[in-house]
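Understanding the architecture of this molecule
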Amino acid sequence: MSELYDIVASSAFWIAVLRIATPLIFGTLGVLLCERAGVLNLGIEGIMVAGAFTGWLAVFQGADLWTGVLVAAMVGALLGLVHASLTVWLGVSQHVSGLGLTLLAASLAAYAYRVSFPTVSSPPTIEAFAPLEALSAVPLIGPALGAQTAMTILALMLVPIVGWTLQRTPAGLAVRMAGENPAAVEAQGLSVLAVRTSAVMAGSALMGVAGAFLTLSAFNAFFFNMVNGRGWICVALVVFASWRPGKALLGALLFAAFDALQLRLQQSSGLLPVTLPYQLYLMLPYLLSIVALVVMARRAAYPQALMKPYRKGER
Amino acid sequence: MTVSAGQALPALRLTGISKRFGSLVANADIDLELAPGEVLALLGENGAGKSTLVSILFGHYLADSGRIEVFGQPLPPGDPAAALAAGIGMVHQHFTLADNLSVLDNVMLGSEPLWQAFSRRRAGRAKLLDTATRFGLAIDPEASVGRLSVGERQRVEILKALWRGARILILDEPTAVLTPQESEQLFETLSVLVREGLSLVFISHKLAEVLRVCDRVAVLRAGRLVAERPARGTSRAELAELMVGRSVQAPTRLRRAPGEVVLDIDQVSTPAGRHGRLDNTSLQVRAGEIVAIAGVAGNGQQALAGLACGLATARRGRVTVTGEALPARPRAWISRKVARIPEDRHAVGVIGDLTVWENAVSERLHTPSFSRFGWIRRAAARAFAISLVEGFDIRLSGIEVPARTLSGGNMQKLVLARALAVGGSEAPVLIVANQPTWGLDIGAVAEIHRKLLEAAAAGAAVLVISEDLDEIMTIADRVAAIFKGRLSAALPVEEWTPGKLGLAMAGTSPDAAEHIDAA
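In short, a report on the structure.

What counts, and at which threshold
- Residues numbered from 1 in each chain as written.
- Chains lettered and ligands numbered in written order.
- Predicted model: local features only at pLDDT ≥ 70, side-chain atom pairs only at ≥ 80, totals over all residues.
- Heavy atoms only, no water.
- Helix = DSSP H or I, 4+ residues; strand = E, 2+ residues; numbered from the N terminus.
- Expected span 1.5 Å × (residues − 1).
- Bend = angle between axes of the 7 residues up to and from the residue.
- Buried < 20%, exposed > 50% of the residue type's maximum accessible area, 1.4 Å probe, protein only.
- Contact = heavy atoms within 4.5 Å.
- Buried area = accessible area lost by both parts, 1.4 Å probe.
- Salt bridge = Lys/Arg side-chain N within 4 Å of Asp/Glu carboxyl O.
- Polar contact = N/O pair within 3.5 Å; in protein donor to acceptor, adjacent residues only side chain to side chain.
- Core = buried A, V, L, I, M, F, W, Y, C linked by side-chain atoms within 4.5 Å.
- Pairing = 2+ DSSP bridges.
- Axes fitted to C-alpha atoms, helices over the stretch in contact; angles between N-to-C directions.

Topic: helix H7 (residues 150-168) of chain A
Residue and element names in this part refer to chain A. For H7, built from 19 residues, the straight-helix expectation of 27 Å at 1.5 Å per residue is met to within 8% by its first-to-last C-alpha distance of 26 Å. By the largest-angle criterion, Leu158 marks the main kink of H7, which is about 30°, and a proline, Pro160, follows within four residues. Inspection of H7 places Met151, Thr152, Ala155, Leu158, Val159, Val162, Gly163 and Leu166 among the buried residues, and these make up the whole buried set. On its buried side, H7 packs onto helix H2 (11-36), helix H4 (65-89), helix H8 (170-180), helix H10 (192-218) and helix H12 (245-267).

Now the structure itself:
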């Protein structure tokens, strides 16, 4: 057991946890915003790919890193607008539209990449975000923070910002009400379409940023399959979080911790008397997420109008 | 509540409002005025265009033509925000509240600019408490709406409008969901509102309460304004005739001595489910009598209905039909001639996207009359459907249309016809009817009642579960009230007064109620 303790006590472990958690935090907050307004957005997986590619491409073409993040956010918002126009305006099935968007966005990104770089064999690279070493001076968590980039700090700061916006601002109240009872939004003189569309676009922008983190901070190049199911994890984490930003952060960190742990368990042979196939270790975070999800989702209070299209004047 | 004659400026003036949905004329050239401080009733059957008219008024719909003036100012059409700003408040029939949010959240939504970085909750709360005190509508601003009773939720819905400074309040079927006592409280609130200078539009199809609370009655029929009368000097009979367009014959009761016990529910408890539970409940229904269960929704009616037609099983106690305990399979009950009229005809009664004839045979698809070697006998099924349509005067364009295209009354007649045909050529033994006339207009209600009375006269035991006290008083021989899964004694209908029944529905025992009636 001392080996397990060594792993968890090492700063390298916590550095990895924060790095793995960052895209999950962005993505989960994004899904949360959409769902709080009553719209399931399964486009996240594709939006993350599109954000990863466009953000990286902008930087590769000479833009600075933050512009790259902004481009990814705008592409995300635009794809969110596509999802919103189908699901919010036309009332199309949110599952179908979301999955379609994932296929469309991921394929478009792959296509654009092939068109832009027809001949390269190894992926071209950029100068990614550098770690903020000044933060190493923070007591206790300094070593873990100092190895992170500004995007991780942004993700951590977004948690209270999104929480405040939802709970304490008139706009946040409108979003929550649109997810609970859209007829009430309409009866109080607001436009359900506008509220839901804005929330979906804002959430999708965060998903785009989640993707951009992979190419602009975690790595310095764009690969196919680099999102690799992270979007779906975010969808599950929102249920785990009972649609609350603070718990979403907790869930993202928990999942990341399991992921970081399994990577290290694979390498440390002495922990168990028998050698297990590495696939079992790979399963660990997903398995534990399912268990956590089952436990937490039992008392989750779904937004009452989630996945219910609203048409003006209909009951 | 009097109209002062010759008001210069009406609170509300509608001129030439018309609205069509496809080929349906929902409103045709309606002119209407509301004087300040007046209570105007908008009376009409379902589909007469009442809800469309007020939806146009509040901006939910855009009228095809016509104009609206509020205190002399033209109201921009199709914009609820403009209606709110002009001082129009609306208490929707289906409350526009979010259960998981607090009363204050529900009230304040939309009242502040959306770009504001924080919400002025303290000021909003003070204003809410102020409004509540002024109008005598006590409420806890931080309570979660989902925990409030139906009456309290309606109070929140009214407070929402008052908080926004409404001077004209539209109430869409406000008593439909209330117990008699809660209705009384509402009427008191309404008189406070009028005293404070508000003008009210009161939408209803209940004639008695319209005559009681309103100054003037406007009657809509098939989208047209057919009559306007001062409430004083008109009668229920006159209004009913105006609403329906012909005189309505209330069904007459055919009394006969009840026969032997058919349905016997003996000290039954059911596990708590989504729709309430039963707690050590006993009830007997005899052949030839109609026993009605009165109660506010969610007190175990669904559990009772499920139990009486084989959809649910008891955890404790015994349920027998003509002395026999039937297995917990609905099909076994159907073949023993137990007829079921479920509560929600859209959700449970019919399958909307299937045709009328498919729905007609859906309960007996397995019988040899309608299937052979696993194939549907379509000709027999169609002939059966046609016999139901003709026997019950169901108005439709053909048995091949999807059932959802039928109007509420015709859909319910289809459900009833199918249920009563359960015995084939013989009459059903037991009829379990849950909210049989919910949402139907006077004409259709009378027909459904007549059919149920005929079935009882023909020897069926009938269990009717209803929230409509008028219905219960009209058709029942004996009445019991249900509250939190417990039934009061099933007394003959003559021994109940509406007040006594209302108290029993709220859980006060009839004996205690008697004392209150006496006091």
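A closer look at the interface of chain A and chain B
Counting residues at the interface gives 24 residues for chain A, matched by 33 residues for chain B. For the pair chain A and chain B, the two sides together bury roughly 2300 Å², of which 61% comes from carbon and sulfur. Our enumeration of links across chain A and chain B arrives at one salt bridge. Salt-bridge contacts for Arg176 of chain A lead to Asp105 of chain B; the nearest nitrogen and oxygen are separated by 3.8 Å. Joining chain A to chain B, the criterion identifies eight residue pairs in polar contact (both at pLDDT 80 or more). Only H7, H8 and helix H9 (182-187) of chain A provide two or more residues apiece to the side of chain A that touches chain B. With seven residues, H8 of chain A is the single largest residue contributor to the side of chain A that touches chain B.

Digging into the nonpolar core
In this structure, Phe26, Trp56, Val185, Leu216 and Phe222 of chain A are the most contacted members of the largest nonpolar core, which totals 98 residues. If we ignore the near neighbours within four places in the chain, the residues touching Phe26 of chain A are Met151, Leu154, Ala155, Leu158, Leu206, Val209 and Ala210 of chain A. One finds Ile341, Leu388, Ala417 and Ala460 of chain B within the second-largest nonpolar core, a separate group that totals 56 residues.

What about the sheet that holds strand S14 (residues 316-321) of chain B?
Backbone-to-backbone hydrogen bonds pair the strands of a sheet. The strands run either parallel or antiparallel. Residue and element names in this part refer to chain B. The sheet built from three strands is open, its strands ordered S12-S11-S14 with antiparallel pairing. At either margin of the open sheet sits one strand with a lone partner, and together these are strand S12 (281-286) and S14. In this sheet, neighbouring strand axes are inclined to one another by 5° on average, regardless of whether the strands run parallel or antiparallel. As judged from the five bridges shared by strand S11 (residues 261-269) and S12, these two strands associate in the antiparallel manner.

Examining the pattern of salt bridges
All names here are of chain B. Counting across every chain of the model gives 23 salt bridges over all chains. Between Arg216 and Glu38 there is a salt bridge whose closest N-O contact spans 2.4 Å. Placement of Arg216 in strand S9 (residues 216-221) and of Glu38 in the loop between strand S2 (24-34) and strand S3 (39-43) is noted, with a sequence separation of 178 residues between them. For the pair shown, Arg216 and Glu38 are each scored as buried.

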